[in-house]
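Listed below are the residues making up each chain.
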Amino acid sequence: MPYSEEVEKKLSEKGVKPGDRILLKRGRLIVEGVLLPREEVDFGDGYAIVIKLDNGYNVGFRLDDGEIVKLEGSVELGKFKALEKVEQDKTLPPVSIFSTGGTISARIDYYTGGVSMLFTPEEVFYNVPEVLKIAYLRRVERLFSLASEDMTHREWSTMARKAAESLSEGDAGVLILHGTDTMHYTSAALSFMLRGLNAPVVLIGSQRSSDRGSRDSDMNIICGLNVATKMNLGEVVVCMHAESGDTFNNVIRGTRVRKMHSTRRDAFKPVNSPPLARVWPDGRVEMVEKEFRPRGTEPPTVDDVFEPKTALVKAYPGSDPEVIDFLVDKGYRGIVIEGTGMGHVPTEPLDRKLSWVNSVKRGLEEGVVIAMASQCVFGRVDPYVYRNARIMMKLGVVYCEDMLSEVAYVKLGWLLGHCFDNETVKKLMLHNFAGEISMRSLFSTYRL
Amino acid sequence: MGSLKVGLEFHQRLAFHKLFCSCPSTSSGEASGKVVRRLRASASELGELDPAALAEASRSRLFTYHVDDSFNCLVELDEEPPHLIDDEIFDAALEIALYFNMTVVDEARVMRKTVIDGSNTSGFQRTLLVALGNDDSIVETSEGPVRLKSLCLEEESAFIVESGREAAEYRLDRLGIPLVEIATEPDIKSPSQALETAEEVGLALRMTGKVMRGLGTIRQDLNISVEGGARQEIKGVQNLKLIPEIVEREALRQNSLLRIRDLLRTRCSPEKLTYDPVDLTGVFKETRSKLILKALSKGEVVYGLKAPGFKGLLGMELQPGRRFGTELADYARVWGGLQGIIHTDELPGYGISEKEFTEACRVLGLSDEDAGVIVVGELARAEAALKAVYSRLLKAFEGVPSETRRALEDGNTDYLRPLPGSARMYPETDIPPIPVSRERLERIRLTLPKKPQEKIKELEAIGLSSHMAQQLVRSHYLFVFEKSILASGLTPVAIASFLLNTLPYVRREGGKEFSDEQLITVLRTFPSDLPRDMIQEALTLFADKHMSLEEVYEELRRRRVGEEELRAEAKRLVEENISYVKEKGVNSVKLLMGRMMEKFRGVAEGATIYRILMEEVKRRLE
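Residues numbered from 1 in each chain as written. Chains lettered and ligands numbered in written order. Predicted model: local features only at pLDDT ≥ 70, side-chain atom pairs only at ≥ 80, totals over all residues.

Trainee: Go over the overall build of chain B, please, and point to the residues and values.
Mentor: A tally of helices and strands in chain B yields 21 helices and 24 strands. Expressed along its principal axes, the backbone C-alpha trace of chain B runs to roughly 100 × 70 × 50 Å. By residue count, 43% of the 622 residues in chain B fall in the buried class. Here the analysis covers contacts within chain B between residues at least 6 apart in sequence; of these, 72% occur between residues at least 24 apart. (Helix = DSSP H or I, 4+ residues; strand = E, 2+ residues; numbered from the N terminus. Buried ≥ 20, exposed ≤ 12 C-beta atoms within 10 Å, placed from the backbone. Contact = placed C-beta atoms within 7 Å.)

Below, the structure is given as structure tokens:
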């Protein structure tokens, strides 16, 4: 109970603990309700005790010289109802669901507002009963409870192994529940790590908390399961709302997707590529992209090496190349620079100290692989149009064409995890492993 | 009649931008875009349900939201977390709480109140309790004190454009407007006391100068119960004058239901009432009833339920024009989406023949004391409706069920839904708790508005008549008046007279509504060389927004009619009516004044016209 020591002392003197029904008398104030724990003391009035009134409102009152009386009728807090086991239709396509954390995996305790993590099939059915008619949830497992910004390549690796395991056990597809902030990094990583994929591995998340009637998670789960069970696809994809309304979802290739809005339901957009397909909650799927990897018979292999000494760095006006020096000194083996425009960094600033040329040159000489992607997000880098890019190209920086910078980062880390020499890594950076790179920039794919 | 208990709940909009974002609280009804959403039920609110039942319950309606960048941002669309509440708005709520002597919380916590009828895009309404009542927070009425219970600050819901069983449309311009909800204890004992309480609270709210005015900016919910009855929450009373009628009719309804209960208990026990729906479709194979014929042609069914011991009770009037059968029809409408029901107390009727009636009674197994309820519709709906009717019939044995009801225009109410529990309230996790320091409260306490009686005295002291002062305090214009007199060339009486007499006249004539801002600006700057009767004209020109203030006054100077022209017209009129003038003497001015005003209203001062006319009449009579 994160009450301050002082408050807690007063409460324990009275033999009162959260969940107890209490009466607080203080001057003219008389208030009765259930004492709740405080979620934090940094915000609000840290000395106030939190009481749930009978009309449902929570309020904070300081004890001061008031008097607390313990009443009959305490409540057991933090206990979720045990859910009854549900009989599933085992003739439906089997699917595994892995929850990894984030908003979509969270479940709220309506009484205290506390949050816990989802991990049984019953919890899925209770919120999304439609699932029972779409798939047989052969396995529902909580891998971890991490906010998506706390993920590392280790978790990518765990997800890849679990997905491969499930598919080798005969699942029709895999659904991964993920926090949205870095979902597109994970989708890229899984795209590289799962080789020879024979079925869809679908990442979904949620932009609204699942306590509310307007949650987007249910539709994302329904659409995601439709993709996992029905689509003839052997790729890692993200399946999230295509519009602000609950109309249909986009199915976007894991290496061509990016979170483009901090809060909207339709935050995930395809970049430099159309969505692979559109999917409706009623199960309808409409293919958009003609070239995709279909389902196969052999389960995938896992190639989940990763070089953690890989960095993603942004160039900007006035940016100091010291950041490159620092990384080189720290033994980094790969750096993706998110350059301006078509892939530029300062090369001839008036303050010569701010030129990146020497730092990049030194890095390359010391064996660091340096790649260039664009911070424009959409479009392609080009090393030949302007002199500063030509200089970088000449020095040996790899220009990543129309690859997203985040994808370039994941790809470089993955390649460096193998025992390739630098020249091979550079060459492979431009090799198309999972639809992440293309030499054709299509007119219709720039849509925001 | 048993003793009556009434509590009121006021929902008053505050005159600020929206509560959880910076969108303006004005609207034009326009919309540039539409977003389609579904709301889903949560396991928590439906309790222990099996997944299939949950699926049925969450088979959601489709909601279309009309959105416009002028009035909405992503917050109302539930696409961005709520912003923090502005100090200014929170202070206004604190001020109102202190004005009513309530005890303010030390820490306010925003809650989410589950609402899945689509009126909030999020599926809940955000609300926070700001203050609780105490022994000193009372509203005095001539029939005794009424204690205040609580004051909450909450967001207004979206405006419903259209609603159906499968879909509903809402406009989002209104969503998020800040409002205070003030609830009284159920201390009110009569219809007239309810009205008086409502008037007093409304007046006090206006005294703070922090509230919006105009249609729909305040509405009342009523909690009513009679002895032996049960609490009803009656929603959305916008017209104050209707309150006594609603209270009276609700008391009547509850007492009638209690009478039905007593009669019922002498005839039958609740165990006799079972849910055994009977398919009556066959009985009506060859019916001439258009209602049933139409339904059968669509493949719908006719189902019936036996209501043992209910004969004559379904036709019993509860309120003028509403029978017990109407209550059952409400349940069929809300839960089954049917238009209504047919019951045996009103048969034969609806084109149903005597023979069909007798046959239906036979199939249902009705004895002399029994009634039957018949529903017509799609199978699933008919069953849902009949089940709801059954649940309502069962409650008749206990007397009055607690319900949320809707105020109708004639003072009756109809059924909306069961009373919500407190379980639908849980913490808003996106907004940290708001501490309320003692210093903040003291600062607000120092500048609390005057009580109405003090204010009336103050107004009298600056020259207003006692009647005018009282009228002004009870009007919506006190705030405008006080802002205007600070710097105006007009006298306080002139300003008050304009606000209390001219403006209502303009409104009755269907003229334009002016904002407080526009009123204050014009009243403060109106030049002393222009006739006062031109204020309205000045406002109209100014509100059109094509002219600056200077240009408005220049234009009015051009339009103003000088004394020479007035005198010429007066002379002409007197000559034209010379025999009348001679006959009536100075009294003839009355009639002639009317003719002059027809011509010069708004372009010359009435007093000036009168003076000149009088001079001319007198001169001619000499």
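Trainee: Hey, could you go over the overall build of chain A for me, with residue numbers and the actual values?
Mentor: For chain A, the helix and strand inventory stands at eleven helices and 23 strands. Projecting the C-alpha coordinates of chain A onto the three principal axes gives extents of approximately 80 × 65 × 40 Å. Put simply, chain A has 448 residues, and 51% of those count as buried. If you take every contact in chain A between residues at least 6 apart in sequence, the share linking residues at least 24 apart comes to 71%.

Trainee: Kindly report on the packing of helix H5 (residues 183-193) of chain A against helix H10 (residues 405-416) of chain A, identifying the contributing residues and their values.
Mentor: The relative placement of two packed helices comes down to the angle between their axes together with the axis-to-axis distance. Residues and elements named next belong to chain A. Where H5 meets H10, the closest approach of the two axes is 9 Å, and the angle between their N-to-C directions is 40°. For the element pair H5 / H10, the angle class is oblique. Pair H5 / H10 crosses with right-handed handedness. Here His184, Tyr185, Ala188, Ala189, Phe192 and Met193 of H5 come into contact with H10, specifically with Glu406, Val407, Val410, Lys411 and Trp414. Grouping the amino acids of the contact of H5 with H10 by side-chain chemistry returns eight nonpolar, one polar and two charged. (Axes fitted to C-alpha atoms, helices over the stretch in contact; angles between N-to-C directions. Parallel < 35°, antiparallel > 145°, perpendicular 65-115°, else oblique. Left-handed = near helix turned anticlockwise from the far one by under 90°. Nonpolar A, V, L, I, M, F, W, Y, C, P; charged D, E, K, R; others polar.)

Trainee: Mind laying out the interface of chain B and chain A, listing which residues take part and the relevant values?
Mentor: Each side of the interface is counted separately: chain B has 44 residues, and chain A has 40 residues. Of all the secondary-structure elements, those providing two or more residues to the side of chain B that touches chain A are strand E2 (33-38), helix H1 (43-46), helix H2 (51-57), strand E7 (124-132), strand E23 (425-427) and strand E24 (434-435) of chain B. The element best represented in the side of chain B that touches chain A is E2 of chain B, accounting for four residues. Relative to strand E5 (residues 107-108) of chain B, strand E4 (residues 58-62) of chain A runs antiparallel, the two sharing two bridges. Pairing of Gly60 of chain A across the sheet is with Glu107 of chain B, part of E5 of chain B. (Pairing = 2+ DSSP bridges.)

Trainee: Explain the pairing of strand E6 (residues 94-99) of chain A to me, using residue names and the numbers behind them.
Mentor: Residue and element names in this part refer to chain A. For E6, the tally of buried residues reaches six of six residues, placing the bulk of the element in the interior. In this sheet, strand E9 (residues 136-142) lies alongside E6 in parallel orientation, the contact comprising six bridges. Counterpart to Phe98 in the pairing with E9 is Glu141. Where E6 meets strand E10 (residues 173-177), five bridges bridge the pair, whose relative direction is parallel. Within the sheet, the bridge partner assigned to Ser99 lies in E10 and is Leu177.

Trainee: Kindly report on the sheet that holds strand E22 (residues 369-374) of chain A, identifying the contributing residues and their values.
Mentor: All names here are of chain A. Strand order in this open sheet of four strands is E20-E21-E22-E23, and the pairing throughout is parallel. Of all the strands in the sheet, the pair left with one neighbour each is strand E20 (310-314) and strand E23 (398-399). Note: E20 against strand E21 (residues 334-339), five bridges, orientation parallel. Counterpart to Lys314 in the pairing with E21 is Glu338. Packed onto the sheet, helix H11 (residues 422-429) meets E22 and E23 and runs at close to 15° relative to E22.

Trainee: Help me get a handle on the packing of helix H20 (residues 589-600) of chain B against helix H21 (residues 606-621) of chain B, residues and values and all.
Mentor: Residues and elements named next belong to chain B. Relative to each other, H20 and H21 sit at 135°, their axes nearing to 10 Å. Taken together, the axes of H20 and H21 are oblique relative to one another. For H20 against H21, the interelement crossing comes out right-handed. Residue-level contacts link Val589, Leu592, Met593, Met596, Met597 and Phe600 of H20 to Gly606, Ile609, Tyr610, Leu613, Met614 and Val617 of H21. Classifying every residue of the contact of H20 with H21 gives eleven nonpolar, one polar and no charged.

Trainee: A description of the domain arrangement of chain B should follow, citing residues and the corresponding values.
Mentor: Looking at chain B, the domain boundaries give domain 1 (13-184), domain 2 (264-399), domain 3 (450-559) and domain 4 (563-621). The distance between the C-alpha centroids of domain 1 of chain B and domain 3 of chain B comes to 34 Å. (Domains from an automatic or database assignment.)

Trainee: Got a sec to walk through unusual backbone geometry? Specific residues and values, please.
Mentor: At Asp64 of chain A, a residue that is not glycine, the phi angle is positive and equals roughly 45°. Among the structural elements, Asp64 of chain A can be located in the loop between E4 and strand E5 (67-71). Of note in the backbone geometry, Tyr350 of chain B takes a positive phi value of approximately 55° without being a glycine. You can see Tyr350 of chain B is positioned in the loop between strand E19 (342-343) and helix H8 (354-364).

Trainee: Got a sec to walk through the domain arrangement of chain A? Specific residues and values, please.
Mentor: Taken domain by domain, chain A holds domain 1 (5-71), domain 2 (94-302) and domain 3 (310-429). Domain 1 of chain A and domain 2 of chain A are separated by 42 Å when their C-alpha centres are compared.

Trainee: Go over the sheet that holds strand E11 (residues 167-171) of chain B with me, naming the residues and quoting the values.
Mentor: Residues and elements named next belong to chain B. Within the open sheet, the four strands sit side by side as E2-E3-E11-E10. Their pairing is mixed. Single-partner strands in this sheet number two, and they are E2 and strand E10 (159-163). Strand-to-strand twist in this sheet, taken as the mean axis angle between neighbours without regard to direction, amounts to 25°. With six bridges connecting them, E2 and strand E3 (residues 62-67) associate as antiparallel partners. Within the sheet, the bridge partner assigned to Arg37 lies in E3 and is Phe63.

Trainee: A description of the nonpolar core should follow, citing residues and the corresponding values.
Mentor: Counting 105 residues, the largest nonpolar core has Val202 and Ala371 of chain A as the members making the most contacts within it. For this core, the leading source of residues is H10 of chain A, giving eight residues. Residue-level mapping places this core at the junction of two domains, with at least three residues from each of domain 2 (94-302) and domain 3 (310-429) of chain A. Here Val202 of chain A is in contact with Gly173, Val174, Leu175, Ile176, Gly224, Val227, Ala228, Val237 and Cys239 of chain A, once residues within four sequence places are set aside. Counting 78 residues, the second-largest nonpolar core is a separate cluster that includes Tyr47 of chain A together with Phe10, Ala108 and Val201 of chain B. (Core = buried A, V, L, I, M, F, W, Y, C linked by C-beta atoms within 7 Å.)

Trainee: Would you mind going over the environment of Tyr350 of chain B in detail, with residue names and values included?
Mentor: Residue and element names in this part refer to chain B. Looking at Tyr350, the number of C-beta atoms within 10 Å reads 14, which means it is partly exposed. It is 30 Å that separates the C-alpha atoms of Tyr350 and Ala167, two residues lying 183 residues apart in sequence. If near-sequence neighbours (up to four positions away) are discounted, Tyr350 is found in contact with Ser289, Leu291 and Ile342.

Trainee: I'd like to hear about helix H14 (residues 492-508) of chain B, residue by residue, with values.
Mentor: Residue and element names in this part refer to chain B. Taking 1.5 Å as the rise per residue, H14 with 17 residues should run 24 Å; its terminal C-alpha atoms sit 24 Å apart, in good agreement. Approximately 35° is the largest bend angle found in H14, and it occurs at Phe498. Considered for burial, the residues of H14 that qualify are Ile495, Ala496, Phe498, Leu499 and Leu503. Looking at the buried residues of H14, the elements they touch are helix H12 (466-474), helix H13 (478-485), helix H15 (516-525) and helix H16 (535-543). Gly510 sits one or two residues past H14 and shows a positive phi near 80°. (Expected span 1.5 Å × (residues − 1). Bend = angle between axes of the 7 residues up to and from the residue.)

Trainee: Report on the environment of Ser145 of chain A, specifying residues and quantitative values.
Mentor: All names here are of chain A. As for its placement among the helices and strands, Ser145 is situated in the loop between E9 and helix H4 (153-168). Along the primary structure Ser145 and Gly179 are separated by 34 residues, whereas in three dimensions their C-alpha atoms are 9.6 Å apart. With near-sequence residues (within four places) excluded, Ser145 lies in contact with Gly101, Ser105 and Met117.

Trainee: An account of the confidence of the model for chain B is needed here, citing residue identities and associated values.
Mentor: Residues of chain B with pLDDT of at least 70 account for 96%, and the chain-wide mean is 89. Both confidence scores are given for the complex: pTM 0.87, ipTM 0.93. (pLDDT = per-residue confidence, 0-100.)

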